[in-house]
Amino acid sequence: MSEFGTDQIKKALGIVIDLGMGIEEHLADDGRVSLSEAMSTAVELGPDIYSVARNAGELKSELKDWDPTEREEVLAWAIEKFDLDNDRAEKAIEVGLALLSKLGELITVLKSQV
């Protein structure tokens, strides 16, 4: 995978992480996300979402070419970036990301054996 591809995957994953952390922040205020908070988040993330969506085909191709080193690099970056006030939820999501990474590695190994 090219460095451009790794950066694009980080950008796409970063949007999801930022969205999740933003929702958690809004929920901490009063237990809900108001329309103005949702709109603010959409405006903030909109340009990045458009950029990733515009390159979705290339992003998909890059994901197919992941090797274990790249997968671990992106996983470590995501875990470092992801920060919730609820430590238990944060740990559960981090473990889930690690599990998805290992599942991807397993799929790569199984495909290479065929």
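The rules behind each value
- All residue numbers refer to position in the chain's written sequence, counted from 1.
- Reporting in this predicted model follows two pLDDT cut-offs: at least 70 for local features of residues, and 80 or more for side-chain atom pairs to be given and counted; totals over whole chains, interfaces and linings ignore these cut-offs and use all residues.
- With hydrogens and water excluded, all non-hydrogen atoms of the structure serve as input to the side-chain values.
- Each helix is a run of DSSP H or I of at least 4 residues and each strand a run of E of at least 2, with the numbering of both proceeding from the N terminus.
- Residue exposure (1.4 Å probe, protein chains only): buried if accessible area is under 20% of the type maximum, exposed if over 50%, otherwise partly exposed.
- Two residues qualify as a contact provided that any one of their heavy atoms is within 4.5 Å of a heavy atom in the partner residue.
- Note on geometry: axes are lines fitted to C-alpha atoms, helical ones only across the stretch in contact, with angles between N-to-C directions running from 0 to 180 degrees.
- Angle categories: roughly parallel below 35 degrees, roughly antiparallel above 145, roughly perpendicular from 65 to 115, and oblique for all the rest.
- Residue type decides the class: Asp, Glu, Lys and Arg count as charged, Ala, Val, Leu, Ile, Met, Phe, Trp, Tyr, Cys and Pro as nonpolar, and the leftover types, Gly among them, as polar.
- To define a nonpolar core, start from buried Ala, Val, Leu, Ile, Met, Phe, Trp, Tyr and Cys residues and group those joined through side-chain atoms within 4.5 Å.
- Charge assignment in this entry is limited to Lys and Arg as positive and Asp and Glu as negative, and neither His nor the chain termini are counted.
- In the sections that follow, a salt bridge refers to a side-chain nitrogen of Lys or Arg positioned within 4 Å of a carboxyl oxygen of Asp or Glu.
- Patch rule: a residue counts if its relative accessible area is over 30% and it has no salt bridge; like charges are joined within 9 Å, and nonpolar side chains (Val, Leu, Ile, Met, Phe, Trp, Tyr) within 5 Å.
- All accessible areas in this document rest on Shrake-Rupley with a 1.4 Å probe, and a residue is counted as covered only by the protein chains that are shown.
- The atom standing in for a charge is NZ when the residue is Lys, CZ when it is Arg, CG when it is Asp and CD when it is Glu.

Broken down by element type, the chain carries five helices and zero strands. Sequence-ordered secondary structure for the chain, helices as α and strands as β, is α-α-α-α-α. Along the first, second and third principal axes, the C-alpha set of the chain runs to 50 × 35 × 20 Å. The 114 residues of the chain split such that 27% are buried. By sequence separation, contacts in the chain at least 24 residues apart represent 74% of the contacts at least 6 residues apart.

Attention shifts here to the packing of helix α4 (residues 68–81) against helix α5 (residues 87–112). α5 packs onto α4 with a crossing angle of 170° between their chain directions and a minimal axis gap of 10 Å. Looking at the two axes, α4 sits roughly antiparallel to α5. Of the residues in α5, those in contact with Pro68, Arg71, Glu72, Leu75, Ala78 and Ile79 of α4 are Glu94, Leu97, Ala98, Ser101, Lys102, Gly104, Glu105 and Thr108. When the residues that make up the contact of α4 with α5 are grouped by side-chain class, the tally is six nonpolar, three polar and five charged.

In this structure, Leu106 sits in helix α5. Owing to a relative accessible area of 44%, Leu106 belongs among the partly exposed residues under this scheme. Taking the C-alpha atoms as reference points, Leu106 and Glu70, separated by 36 residues in sequence, lie 15 Å from one another.

What follows deals with the nonpolar core. Among the nonpolar cores identified, the biggest contains seven residues, and these are Ile9, Ala12, Ile15, Val52, Leu59, Trp66 and Val74. Here this core takes three residues from helix α1 (residues 3–30), the largest share from any one element. Leaving out residues up to four positions away in the same chain, Val74 has contacts with Thr6, Ile9, Lys10, Leu13 and Trp66.

Quick look at the side chain of Glu90 now. When you line up the elements, Glu90 lands in helix α5. In this structure, Glu90 is buried with no salt-bridge partner, the nearest side chain bearing the opposite charge being Lys91 at 8.7 Å. The contacts of Glu90, once residues within four sequence positions are left out, are Phe82, Asp83 and Leu84.

Let's shift gears to a negative patch on the surface. Among the surface-exposed residues, Glu25, Asp29, Asp83, Asp85 and Asp87 lie close enough to one another that they form a single negatively charged patch. Here Asp29 lies in helix α1.

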